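# Commentary on secondary and tertiary structure
As a plain string of letters, each chain reads:
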Amino acid sequence: MIYLLRHGQTEFNAAGRYQGRVDTVLTARGRAQADAMARGLVPHIAASQSIIWSSPLRRATETAQIVAAALGGLPVRTEPRLTEVDLGVWEGLTAAEIDADWPGVRASFERNTWFFGAPGGESYAEVADRLTGFLREIGADERPHVLVSHAIAGRVLRGIHAGLEPLRAMRLEIPQDAVFRLSGAGKIERIDCPAAV
């Protein structure tokens, strides 16, 4: 069983900047969202049997530490394959800045797939390959696995699990206040969390 979380709100999220692998930090709202996700997760898993994995980026590890504390102080294991997609030269930019310097590029892609067209960035296939390898490794372990990742990487991960085409995967929702439970036969359930305080 896998429980997938996106990190809480960051300073870049609040400013409308695309992060990619830029190492940004959580806002106060982001920490409250992480706490809400942790509280929402607690009734669903036996903490003593769980394993927490996090992208090594700070916004994810901060979120994972908050979740780990709610689950009794479990250790957090960092996993580079959960890292957000590399956006190349577009990292840290807003949509308006990208459109000004690369006119028409984002518009030339299907909805939300433009992330994979960044000069110097990763392709969908590259992201899917690293996430597929990780899912295979933990798939044989029946303990609950809590994964703390990112918006785009989380979409790709859920797409792999459900067997979705990339265009469908990239249309999946990316909340920062819910947990997704991934179970057998490609099933994905959203667990809504208590309101962030």
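None of these values were measured; they are calculated from a predicted model. (Residues numbered from 1 in each chain as written. Predicted model: local features only at pLDDT ≥ 70, side-chain atom pairs only at ≥ 80, totals over all residues. Heavy atoms only, no water.)

## Quick look at the environment of Phe 12
Mapped onto the secondary structure, Phe 12 falls in helix H1 (residues 11-15). With 14 residues separating them in the primary sequence, Phe 12 and Leu 26 have C-alpha atoms 8.9 Å apart. Setting aside its immediate chain neighbours within four residues, Phe 12 contacts Arg 17, Tyr 18, Gln 19, Val 22, Thr 24 and Gly 92. (Helix = DSSP H or I, 4+ residues; strand = E, 2+ residues; numbered from the N terminus. Contact = heavy atoms within 4.5 Å.)

## Describing the environment of Arg 81
Locating Arg 81 in the fold gives a position in the loop between strand S3 (76-78) and helix H4 (95-101). Separated by 81 residues in sequence, Arg 81 and Ala 162 have C-alpha atoms that sit 19 Å apart. Those residues within four positions of Arg 81 in sequence are excluded, and the remaining contacts are Arg 130, Leu 131, Gly 133, Phe 134 and Glu 137. Here the side chain of Arg 81 touches Glu 79 through a polar contact of 2.8 Å, side chain to side chain. Engagement of the side chain of Arg 81 in a polar contact is seen with the side chain of Glu 137, the distance being 2.8 Å. (Polar contact = N/O pair within 3.5 Å; in protein donor to acceptor, adjacent residues only side chain to side chain.)

## Things to note about empty space enclosed by the protein
Rolled over the atoms, a probe as big as a water molecule pinpoints where empty space is left. Enumeration over the complete set of coordinates arrives at 1 cavity of 30 Å³ or more. Taken as a whole, the largest cavity holds about 80 Å³ of empty space. Taken together, 13 residues line the largest cavity, and the ones lying closest to its centre are Leu 5, Arg 6, His 150, Arg 158 and Phe 180. Looking at the lining of the largest cavity, the elements that each hand over two or more residues are strand S1 (2-6), helix H6 (151-162) and strand S5 (178-183). In terms of residues, the lining of the largest cavity owes the most to one element, H6, which gives 4 residues. (1 Å grid on protein atoms, 1.4 Å probe; cavity = no way out; pocket = protein on both sides within 12 Å on 5 of 7 lines; lining within 4 Å. Points joined across faces, edges and corners; volume = space filled by probe spheres on them.)

## Brief notes about helix H3 (residues 58-70)
Helix length check: H3 (13 residues) gives 19 Å between terminal C-alpha atoms against 18 Å at 1.5 Å per residue, within 8%. Buried within H3 are the following residues: Arg 59, Ala 60, Thr 61, Glu 62, Thr 63, Ala 64, Val 67 and Ala 68. Those residues of H3 that are buried are in contact with S1, helix H2 (28-41), strand S2 (51-54), S3 and strand S4 (145-149). Downstream of H3 by a residue or two, Gly 72 has a phi angle that is positive, lying close to 90°. (Expected span 1.5 Å × (residues − 1). Buried < 20%, exposed > 50% of the residue type's maximum accessible area, 1.4 Å probe, protein only.)

## Some thoughts on the nonpolar core
Judged by nonpolar contacts, the single largest core of 31 residues is most densely connected at Phe 116, Leu 147, Val 156 and Leu 157. Of all the elements in the fold, those that place two or more residues in this core are S1, S2, helix H5 (124-139), H6 and S5. Counting residues per element, this core draws most heavily on H5, which supplies 7 residues. Sequence-distant contacts of Val 156, defined by excluding residues within four places in its chain, comprise Phe 116, Tyr 124, Val 127, Ala 128, Leu 131 and Met 170. One finds Leu 5, Met 37, Ile 45 and Val 67 within the second-largest nonpolar core, a separate group that totals 19 residues. (Core = buried A, V, L, I, M, F, W, Y, C linked by side-chain atoms within 4.5 Å.)

## Comments concerning the packing of H5 against H6
The interhelical angle for the contact between H5 and H6, taken along N-to-C directions, is 65°, at an axis separation of 9 Å. Our pair here, H5 against H6, has a crossing hand that is right-handed. The residues of H6 that touch H5, namely those facing Tyr 124, Val 127, Ala 128, Leu 131, Thr 132 and Leu 135, are Ala 153, Val 156, Leu 157 and Ile 160. Grouping the amino acids of the contact of H5 with H6 by side-chain chemistry returns 9 nonpolar, 1 polar and no charged. (Axes fitted to C-alpha atoms, helices over the stretch in contact; angles between N-to-C directions. Left-handed = near helix turned anticlockwise from the far one by under 90°. Nonpolar A, V, L, I, M, F, W, Y, C, P; charged D, E, K, R; others polar.)

## Overview of the pairing of S5
With 6 of 6 residues buried, S5 is to be regarded as a mostly interior element. Pairing analysis gives 4 bridges linking S1 to S5, with the strands arranged antiparallel. Residue pairing across strands places Leu 5 opposite Val 179, the latter belonging to S5. Inspection of the sheet shows S5 paired to strand S6 (residues 187-192) by 6 bridges, in the antiparallel sense. Its bridge partner being in S6, Phe 180 is matched across the sheet by Arg 190. (Pairing = 2+ DSSP bridges.)

## Some details on the pattern of salt bridges
Under the counting rule described, the total for this entry stands at 13 salt bridges. For Arg 181, the salt bridge goes to Glu 189, with nearest N and O atoms at 3.1 Å. For Arg 181, a relative accessible area of 16% translates into the label buried. Residue classification places Glu 189 among the partly exposed residues on the basis of a relative accessible area of 26%. (Salt bridge = Lys/Arg side-chain N within 4 Å of Asp/Glu carboxyl O.)

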